[in-house]
Amino acid sequence: MQSLLLHVCCGPCATQVIRVLSQEYSVTGFFYNPNIFPEEEYQRRVASFRRLAEQFHLPYQIGNYDYTRWEEAVQGYTTEPEGKTRCSICYRFRLERTAQQAIKTGFSLFTTTLTISPHKSARVINPIGLDLAQQYHISFYQADFKKKDGFKQSCSLAKEYNLYRQTYCGCKYSLRK
């Protein structure tokens with residue numbers, strides 16, 4: 001079974017994605033979200049993911065909380081509404097780190113849970129993943145995990161596993177919404 005490194009944005013979104021991907025791949029979760037603000041919120045989300053990983057017997061890795069580097073990456077785009085250039089920069093920032101981590105830890109394939117959210121566009125995220133795959137000579141699994149009631153199922157599973165569910169995307173700019 002081919003190994004896949006899965007970028008995880010949060011425990012609730014990971015539930016259904018892990019179920020789908022585990023049918024064909026040996027999945028390892030990678031929690032890398034330096035966009036999350038404040039740090040207490042980051043800690044709640046990482047703790048929720050760890051609980052899920054333990055319940056699913058999922059191997060996982062936790063990336064550094066590079067909040068300052070993330071802030072530098074989105075500088076100049078902080079006043080934009082959700083879903084615009086700042087978000088694309090954020091997706092690329094996290095997926096690039098995931099591709100680098102995949103290579104560093106011996107994976108030939110990576111993907112993300114981000115496309116399960118109805119607030120995130122697979123038409124934006126998948127091309128970023130494919131571009132990074134080409135740049136780093138690795139494969140990207142493109143998907144729109146929200147299809148076939150994926151998001152609805154992730155909500156149900158998050159409730160079943162009693163996972164912390166956040167009320168905003170994660171960055172301090174999405175708190176304005």
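Located above this text is the structure these notes cover.
Heads up: these notes are all about the structure in this document. The model shown is predicted, which means the values in this text are computed figures rather than measured ones.

Let's talk about the sheet that holds strand S3 (residues 60–62)
Turning to step 1, where the next piece is worked out: Read across the sheet, five strands follow the order S3-S2-S1-S4-S5 without closing on themselves; strand pairing throughout is parallel. Strands with a single pairing partner mark the edges of an open sheet, and in this sheet they are S3 and strand S5 (139–140).
Turning to step 2, where the next piece is worked out: Pairing analysis gives two bridges linking strand S4 (residues 109–112) to S5, with the strands arranged parallel. Within S5, the position partnered with Leu109 by the bridge is Ser139.
Turning to step 3, where the next piece is worked out: Against the sheet, helix H2 (residues 39–56) touches strand S1 (3–8), strand S2 (26–31) and S3, its axis set at about 165° to S3.

Let's talk about the environment of Thr98
Turning to step 1, where the next piece is worked out: Position of Thr98 relative to the elements: it lies in helix H4 (residues 85–104).
Turning to step 2, where the next piece is worked out: For Thr98, a relative accessible area of 0% puts it in the buried group.
Turning to step 3, where the next piece is worked out: Between the alpha carbons of Thr98 and Tyr32 there is a distance of 7.5 Å; along the sequence they are 66 residues apart.
Turning to step 4, where the next piece is worked out: For Thr98, the contacting residues outside a window of four places in its chain are Leu5, His7, Phe30, Phe110 and Thr111.

Details of the environment of Phe145
Turning to step 1, where the next piece is worked out: Residue placement: Phe145 occurs in the loop between S5 and helix H6 (150–160).
Turning to step 2, where the next piece is worked out: What makes Phe145 buried here is its relative accessible area of 8%.
Turning to step 3, where the next piece is worked out: Once the C-alpha coordinates of Phe145 and Val17 are considered, the two residues, 128 residues apart in sequence, prove to be 6.7 Å apart.
Turning to step 4, where the next piece is worked out: The residues touching Phe145, leaving out its near neighbours within four places in the chain, are Val17, Val20, Leu21, Thr111, Thr112, Thr115, Ile116, Gly150 and Phe151.

Brief notes about the state of the cysteines
Turning to step 1, where the next piece is worked out: Per the stated rule, a full pass over the model turns up zero disulfides.
Turning to step 2, where the next piece is worked out: Unpaired in this structure, Cys155 has its nearest cysteine sulfur neighbour in Cys13, at a distance of 7.8 Å.
Turning to step 3, where the next piece is worked out: The class of Cys155 is partly exposed, set by a relative accessible area of 26%.
Turning to step 4, where the next piece is worked out: Left unpaired, Cys169 is separated from the closest cysteine sulfur, that of Cys171, by 5.8 Å.
Turning to step 5, where the next piece is worked out: Overall, Cys169 belongs to the partly exposed group, its relative accessible area being 29%.

What counts, and where the lines are drawn
Residues numbered from 1 in each chain as written. Predicted model: local features only at pLDDT ≥ 70, side-chain atom pairs only at ≥ 80, totals over all residues. Heavy atoms only, no water. Pairing = 2+ DSSP bridges. Helix = DSSP H or I, 4+ residues; strand = E, 2+ residues; numbered from the N terminus. Contact = heavy atoms within 4.5 Å. Axes fitted to C-alpha atoms, helices over the stretch in contact; angles between N-to-C directions. Buried < 20%, exposed > 50% of the residue type's maximum accessible area, 1.4 Å probe, protein only. Disulfide = S-S within 2.5 Å.

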